[in-house]
Amino acid sequence: MKRIFAVLLALSLLLLAACSKGVSPTEPSPTEPATEAPTEPSQTEPATEPSQPEEKGPFTVTYAHAQADTHGSGEVWVQLLAEVTNTGSEPLTLGAADWTVCTPDGTELAVRKGVSAYPQTIEPGEKGWYYDEFTVDTAQTGELAVQYDGDALAASIRAAEQSGVRYAVSDVNLKDSVYGGVELTGRIRNDTAERGSLVCVAAVLLDESEKPLGVVYTVLGSPLEAGAETTFGMSSEMLPPEVKSADIAQVETFAYPLAE
């Protein structure tokens, strides 16, 4: 009997020892800390303006700029101006061309189709200016970027059949307008032997560094007969509000019959 009791006691001790080494079900199982593969920091290329195309003709776009400003009505107006220089040896006719206006980061705001140039024909070494003014549905103001298609522009600018007709301009007077912007008056004379049917008068306003600030233009209400002289007056309220007549150091004025 003693022997049986001893065996049972030994078994009890063994079971007790085994239970004391077990893991309590309320304790979390030890696990290795989770490790994640290191991630590379995201690399975003800074926004850059696309490079302008090379001109494919005897001309160079020497300036292209747009400016958005809020005017008296509360609307945002954009003034687009692109300067083209005749780098060839023959006169060029600046046909209507398309220009795209974008924010500085490249977001497209407007595509302006069929923008006119002033004057329409330029001699070798002379400059012409594409100009447009229009409203945009945006709060974006300040300097804007101008883009263009080189092939399309080359197709718009072609060799002129002959030099453009120019009328003499005199007594040019520039002053600030009471309505904002500037006013320009003067006289033109038709020294040619032909009547001018649709006579355009345009003036490019330049600062001291010869940077174009804007363009003002008008078309006479009646033909200009051969040998005749008349006065003209024109104004623009769409120049940047900070531009005053005192900021304008030079006025390039052109009077010519519009090509039909």
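Details of the structure are given in the entry above.
This section reports on the structure supplied with the text. (Residues numbered from 1 in each chain as written. Predicted model: local features only at pLDDT ≥ 70, side-chain atom pairs only at ≥ 80, totals over all residues. Heavy atoms only, no water.)

**A look at the overall build of the chain**
Rule in force here: Helix and strand assignments follow DSSP, with helices taken as H or I runs no shorter than four residues and strands as E runs no shorter than two, numbered in order from the N terminus. Each residue gets one of three labels from its accessible area relative to the maximum for its type: buried under 20%, exposed over 50%, partly exposed in between, using a 1.4 Å probe on protein chains only. Residue contacts are counted whenever heavy atoms from the two residues lie within 4.5 Å of one another. All accessible-area figures derive from a Shrake-Rupley calculation using a 1.4 Å probe, and residue coverage is judged against the displayed protein chains alone.
A tally of regular secondary structure across the chain gives 2 helices and 16 strands. Each of the 260 residues in the chain was classed as buried or not, and the buried ones make up 36%. Of the contacts made within the chain by residues no fewer than 6 positions apart, 70% connect residues no fewer than 24 positions apart. Element-wise, carbon and sulfur atoms account for 51% of the exposed surface of the chain, whose accessible area totals about 15800 Å².

**Topic: the sheet that holds strand β2 (residues 76–86)**
To be explicit about the condition: Only when DSSP finds a minimum of two bridges between them are two strands counted as paired.
Taken in spatial order, the 7 strands make up an open sheet running β5-β4-β9-β1-β2-β8-β6, and their pairing is antiparallel. Of all the strands in the sheet, just β5 (108–115) and β6 (117–118) have a single pairing partner and so form its edges. Taken together, the 11 bridges between strand β1 (residues 59–70) and β2 define a ladder with antiparallel strand orientation. When the sheet's bridge partners are listed, His65 is paired in β2 with Leu81.

**Remarks on the pattern of salt bridges**
Filter applied, for reference: Here, a salt bridge means any Lys or Arg side-chain nitrogen found within 4 Å of an Asp or Glu carboxyl oxygen.
Throughout the structure, instances matching the rule amount to 9 salt bridges. The salt bridge partner of Glu83 is Lys127, with a shortest N-O separation of 3.5 Å. Note that Glu83 is positioned in strand β2 and Lys127 in strand β8 (residues 127–136), a separation of 44 residues in sequence. Among the ionic pairs, Arg189 bridges to Glu229, the shortest N-O distance being 3.7 Å. Taken as a pair, Arg189 in strand β12 (residues 182–189) and Glu229 in strand β15 (residues 229–236) lie far apart in primary sequence, 40 residues in all.

**Side note on the sheet that holds strand β14 (residues 212–219)**
The test is simple: To get an axis, fit a line to the C-alpha atoms, keeping to the stretch in contact for a helix; angles then go from 0 to 180 degrees between the N-to-C directions.
Pairing is antiparallel in the open sheet, where 3 strands are placed in the order β14-β13-β16. Whereas interior strands pair on both sides, the edge strands pair on one side only; in this sheet they are β14 and β16 (250–257). Averaged over all adjacent pairs, the angle separating strand axes in this sheet is 15°, with direction ignored. As paired strands, strand β13 (residues 199–206) and β14 are joined by 7 bridges and run antiparallel to one another. Along β14, the bridge assignment pairs Ala203 with Val216.

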